[in-house]
Amino acid sequence: MVAKCFLRTILGREGEVGLVYGTFGVISLICGGILGGLLISRYGLKKCLFPMALALNLPDVFYVYMAYTKPSLTLVYPLVSLEQFGYGFGFTAFSVYLMYICQGEYKTSHFAISTGIMALGMMLPGLVSGYLQKVLGYPLFFVLVCLLTIPGMIALFFIPLKEQVKHQNN
């Protein structure tokens with residue numbers, strides 16, 4: 001939400017924000033999700049998890065760049081598109097991981113609970129993000145966002161994942 005407010009301040013027009021996020025962003029998000037699914041099906045979640053998490057988090061640097069430079073509209077479109085592509089790409093790994101850990105008789109319920117907890121994990125920071133942005137300003141806020149991705153990236157190395165064997169019929 002803060003990112004959209006930020007774009008509103010540098011672009012100046014609500015219609016441009018809608019076009020950047022609602023059209024180019026959504027197309028990029030879908031393409032990232034599709035490519036993420038293809039790569040996981042080919043190489044497995046274990047090999048893809050860290051690179052896909054990087055793709056999810058590294059584009060946050062684009063907002064740091066935009067906050068400091070306030071680029072022209074012609075640069076905002078590809079930066080937001082790349083960020084949304086990375087989000088779709090990385091979020092695919094998270095979704096597949098949730099499917100991986102939700103096993104047993106109640107796996108559908110476990111998946112629903114897990115996605116609810118994930119949503120809560122997005123909502124709670126959202127409660128304070130606007131306040132933090134006002135206190136820090138956009139540039140420092142986005143730097144903080146980038147720094148706060150580091151613990152999650154480190155935690156990836158401690159996730160127990162066993163590679164599942166693919167059965168091929170030849």
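Here goes a summary of the coordinates provided. In this text the structure is predicted, and so the values were computed from the model without any measurement.

Counting its secondary structure elements, the protein contains 8 helices and 0 strands. The proportion of buried residues among the 170 residues of the protein is 34%. Across the protein, contacts joining residues at least 24 apart in sequence account for 75% of those joining residues at least 6 apart. Looking at the protein as shown, the accessible area adds up to about 10,700 Å², and 71% of this sits on carbon and sulfur atoms.

This part is about the side chain of Gln84. Looking at the secondary structure, you find Gln84 in helix α5 (residues 73-101). A distance of 2.8 Å separates a polar atom in the side chain of Gln84 from a polar atom in the side chain of Glu83. Dropping the residues within four chain positions of it, Gln84 is found in contact with Tyr21, Gly25, Ser28 and Leu29.

What follows concerns the packing of helix α4 (residues 60-69) against α5. Across the interface, α4 lies against α5 with an axial gap of 9 Å and an inter-helix angle of 155°. Judged by the angle between their axes, α4 and α5 are roughly antiparallel. Read as a crossing pair, α4 and α5 show a hand that is left-handed. In this structure, α4 uses Phe62, Tyr63, Tyr65 and Met66 to contact α5, whose residues at the interface are Leu75, Val76, Leu79, Val80, Leu82 and Glu83.

Attention shifts here to the packing of helix α6 (residues 107-136) against helix α7 (residues 138-148). Between α6 and α7, the least distance of the axes is 7 Å, while the angle of their chain directions is 125°. If you check the angle between α6 and α7, you find them oblique. Seen from above, α6 lies across α7 with right-handed handedness. Between α6, through Ser129, Leu132, Gln133 and Leu136, and α7, the contact on the second element is made entirely by Tyr138, Leu140, Phe141 and Leu144.

This part is about the packing of aromatic side chains. A complete count under the given rule lists 12 aromatic pairs for this structure. Judged by centre distance (5.0 Å) and plane angle (55°), the rings of Phe6 and Tyr138 are tilted. On the criterion of sequence distance, the pair formed by Phe6 in helix α1 (residues 2-11) and Tyr138 in helix α7 is long-range, its members being 132 residues apart. Between Phe6 and Phe142 the ring centres are 5.3 Å apart and the planes differ by 70°, which places this aromatic pair in the edge-to-face class. Of this pair, Phe6 sits in helix α1 while Phe142 sits in helix α7; the two residues are 136 residues apart in sequence, bridging distant segments of the chain. Phe142 sits in the buried class, given a relative accessible area of 5%. Joined through ring pairs, the aromatic side chains of Phe6, Tyr63, Tyr138, Phe141 and Phe142 make up one cluster.

Regarding α4, the residues found buried are Asp60, Tyr63, Val64, Met66 and Ala67. Each buried residue of α4 lies within a common arc of 165° when the element is viewed along its axis, so the set occupies one face. One or two residues past the end of α4 sits Lys70, with phi positive at roughly 45°.

It is worth spelling out a nonpolar patch on the surface at this point. Residues Phe50, Leu147, Ile150, Ile154, Phe157 and Phe158 make up a contiguous nonpolar surface patch of roughly 650 Å² in combined accessible area. On the accessibility criterion, Ile154 (47% relative accessible area) is partly exposed.

Moving on to the environment of Ser129. Looking at the element boundaries, Ser129 is found in helix α6. The class of Ser129 is buried, set by a relative accessible area of 15%. For Ser129 and Val2, which are 127 residues apart along the polypeptide, the C-alpha to C-alpha distance reads 7.0 Å. Setting aside residues no more than four positions away along its own chain, Ser129 makes contact with Val2 and Phe141. A polar side-chain atom of Ser129 sits 3.2 Å from the main-chain carbonyl oxygen of Gly126.

Cut-offs used in this document
Residues numbered from 1 in each chain as written. Predicted model: local features only at pLDDT ≥ 70, side-chain atom pairs only at ≥ 80, totals over all residues. Heavy atoms only, no water. Helix = DSSP H or I, 4+ residues; strand = E, 2+ residues; numbered from the N terminus. Buried < 20%, exposed > 50% of the residue type's maximum accessible area, 1.4 Å probe, protein only. Contact = heavy atoms within 4.5 Å. Areas by Shrake-Rupley, 256 points an atom, 1.4 Å probe, with all protein chains shown as cover. Polar contact = N/O pair within 3.5 Å; in protein donor to acceptor, adjacent residues only side chain to side chain. Axes fitted to C-alpha atoms, helices over the stretch in contact; angles between N-to-C directions. Parallel < 35°, antiparallel > 145°, perpendicular 65-115°, else oblique. Left-handed = near helix turned anticlockwise from the far one by under 90°. Phe/Tyr/Trp six-rings, centres within 6.5 Å; stacked < 30°, edge-to-face > 60°. Arc of directions from axis to C-beta. Patch = residues over 30% accessible without salt bridge, like charges linked within 9 Å, V, L, I, M, F, W, Y side chains within 5 Å. Salt bridge = Lys/Arg side-chain N within 4 Å of Asp/Glu carboxyl O.

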